[in-house]
Amino acid sequence: MPKIKGVNLFTVFLLILALMFTFAIYRRVEEEKANTLYLITLKGAVSGGMADFLERGLKEAEDRKAGAVLIELNTFGGFVDAMTEIADLITGSRLPVYIYIRGRAISAGAYIALSGQKIIMAPDAVIGASQPRTVEGQEAPEKEMAAMKKMFRAAAEARAERTGTKLDPLVAEAMVDPEVEIEGVIARGELLVLTASSALELGYADLIAENRDIAISMLGLDELTIVQVRQTPVEGLVRFLTDPIVSPLLLSIGFAALIIELFTAGFGVAGILGLSCLGLY
């Protein structure tokens, strides 16, 4: 075998072949990554733990160049700060993010749903009833109510611009404030909750699908390979600790235990319990 400046031609041939093979494998892997649909289930109370879980899922989908993301949503709501964080993650994603409301998108869940590229609802799903409440369950102050109304209106207007859908942003405000009246839709004094059919009629849903598989097919994503993002044990613990019920409970127990410790000689169980609860909070 002849040589070129001390290099065996057979070696050069093998090197070129290896490079071609590597390039072909790389392209195949990239195509496989792009042909995936990431499925992220958001179920239960809207909390900081849920936001962290979604952030991790969306980042993984983006890093692996997924074709799209489908969020399966079923919630009665939760913390407002977590709600806005989740909505920002969805609207800020480089991938198209679709929302499938499997059961309920109540309170904070409605705002999250409005952030998606498209909203698909199960036939028995509902969306709305988003009046803000304090931790004690009382009506929120007027200032918070006004802010929430504007946030929902802005989310509805952004959805209309994003999808080209004609919708009345007052419908979104009526989900928040029972004083908003819309003729033929909701009377004054009632909080708006939309069924799947009424949401579709008013432009607050794009499709109605019996189940997730049908929703994926209707979106034209059935050719993609589904990758389900699963919650890790640590994420499960964080979601439990940041739950709207558990979190205030930790704070209350923590302070109560420390007060008991102040009236107790030495440092004992109450002090350890109090510091532990506050630390977890």
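Residues numbered from 1 in each chain as written. Predicted model: local features only at pLDDT ≥ 70, side-chain atom pairs only at ≥ 80, totals over all residues. Heavy atoms only, no water.

Looking at the packing of helix 10 (residues 246-262) against helix 11 (residues 269-280)
And step 1. Remark: helix 10 packs on helix 11, axes separated minimally by 7 Å, with the N-to-C direction vectors making an angle of 150 degrees. Relative to helix 11, the element helix 10 is oriented roughly antiparallel. Our pair here, helix 10 against helix 11, has a crossing hand that is left-handed. On helix 11, the residues touching L250, L251, I253, G254, F255, A257, L258, I260 and E261 of helix 10 are A270, G271, L273, G274, L275, C277, L278 and L280.
And step 2. Of the residues that constitute the contact of helix 10 with helix 11, the class distribution is 13 nonpolar, three polar and one charged. (Axes fitted to C-alpha atoms, helices over the stretch in contact; angles between N-to-C directions. Helix = DSSP H or I, 4+ residues; strand = E, 2+ residues; numbered from the N terminus. Parallel < 35°, antiparallel > 145°, perpendicular 65-115°, else oblique. Left-handed = near helix turned anticlockwise from the far one by under 90°. Contact = heavy atoms within 4.5 Å. Nonpolar A, V, L, I, M, F, W, Y, C, P; charged D, E, K, R; others polar.)

As for the environment of M121
And step 1. Tracing the backbone shows M121 in strand 6 (residues 119-121).
And step 2. Exposure remark for M121: the relative accessible area of 0% places this residue in the buried category.
And step 3. In the structure, M121 is positioned 94 residues away from A215 in sequence and 8.4 Å away in space, judged by C-alpha atoms.
And step 4. Once you skip the residues sitting within four places of it in the chain, M121 turns out to touch Y100, I101, V126, I127, L194, T195, A196, A199, A205, L207, I208 and A209. (Buried < 20%, exposed > 50% of the residue type's maximum accessible area, 1.4 Å probe, protein only.)

Observations regarding a nonpolar patch on the surface
And step 1. On the surface, L249, I253 and L273 cluster together into a nonpolar patch covering about 250 Å² of accessible area.
And step 2. As for its position among the elements, L273 is in helix 11.
And step 3. Taking the relative accessible area as the measure of exposure, L273 reaches 41% and is therefore partly exposed. (Patch = residues over 30% accessible without salt bridge, like charges linked within 9 Å, V, L, I, M, F, W, Y side chains within 5 Å. Areas by Shrake-Rupley, 256 points an atom, 1.4 Å probe, with all protein chains shown as cover. Salt bridge = Lys/Arg side-chain N within 4 Å of Asp/Glu carboxyl O.)

Concerning helix 2 (residues 48-63)
And step 1. For helix 2, built from 16 residues, the straight-helix expectation of 22 Å at 1.5 Å per residue is met to within 8% by its first-to-last C-alpha distance of 22 Å.
And step 2. Where helix 2 is concerned, the buried positions are G49, M50, A51, F53, L54, G57, L58, A61 and E62.
And step 3. Backbone geometry just after helix 2 places K65 at a positive phi near 55 degrees. (Expected span 1.5 Å × (residues − 1).)

Digging into the packing of helix 5 (residues 142-163) against helix 6 (residues 169-176)
And step 1. Their axes nearest at 8 Å, the elements helix 5 and helix 6 cross at an angle of 145 degrees. In this structure, the crossing between helix 5 and helix 6 has a hand that is right-handed. When helix 5 is examined against helix 6, the residues M145, M148, K149, F152, R153, A156 and E157 are found in contact with a partner set consisting of P169, L170, A172, E173, M175 and V176.
And step 2. Considered class by class, the residues forming the contact of helix 5 with helix 6 number nine nonpolar, no polar and four charged.

With respect to unusual backbone geometry
And step 1. A positive phi is found at K65, a non-glycine position, where the angle reads about 55 degrees.
And step 2. Take K65: it is sitting in the loop between helix 2 and strand 4 (68-75).
And step 3. Its identity as a non-glycine residue notwithstanding, A129 has a phi of 50 degrees, on the positive side.
And step 4. Summarising the element assignment, A129 is placed in the loop between strand 7 (126-128) and helix 5.

As for the environment of L241
And step 1. Note that L241 resides in helix 9 (residues 233-241).
And step 2. Along the backbone, L241 and S47 are 194 residues apart, and their C-alpha atoms lie at a distance of 9.2 Å.

Some points on the packing of aromatic side chains
And step 1. Summed over the entire model, instances satisfying the criterion amount to one aromatic pair.
And step 2. Plain terms: the ring middles of Y111 and F152 are 5.3 Å apart, the flat faces sit at 50 degrees to each other, and that makes the pair tilted. Highlighted residues: Y111 in helix 4 (residues 108-114) and F152 in helix 5, separated in sequence by 41 residues.
And step 3. Judged by relative accessible area, Y111 falls into the buried class, the value being 13%. (Phe/Tyr/Trp six-rings, centres within 6.5 Å; stacked < 30°, edge-to-face > 60°.)

Some words on the pattern of salt bridges
Close approach of charged atoms allows side chains of opposite charge to pair.
And step 1. If you walk through the whole model with that rule in mind, you get twelve salt bridges.
And step 2. A salt bridge links R188 to E179; the shortest N-O distance between them is 3.9 Å.
And step 3. With a relative accessible area of 46%, E179 lands in the partly exposed category.

Spatial relationships are all this shows, so hold off on functional conclusions.
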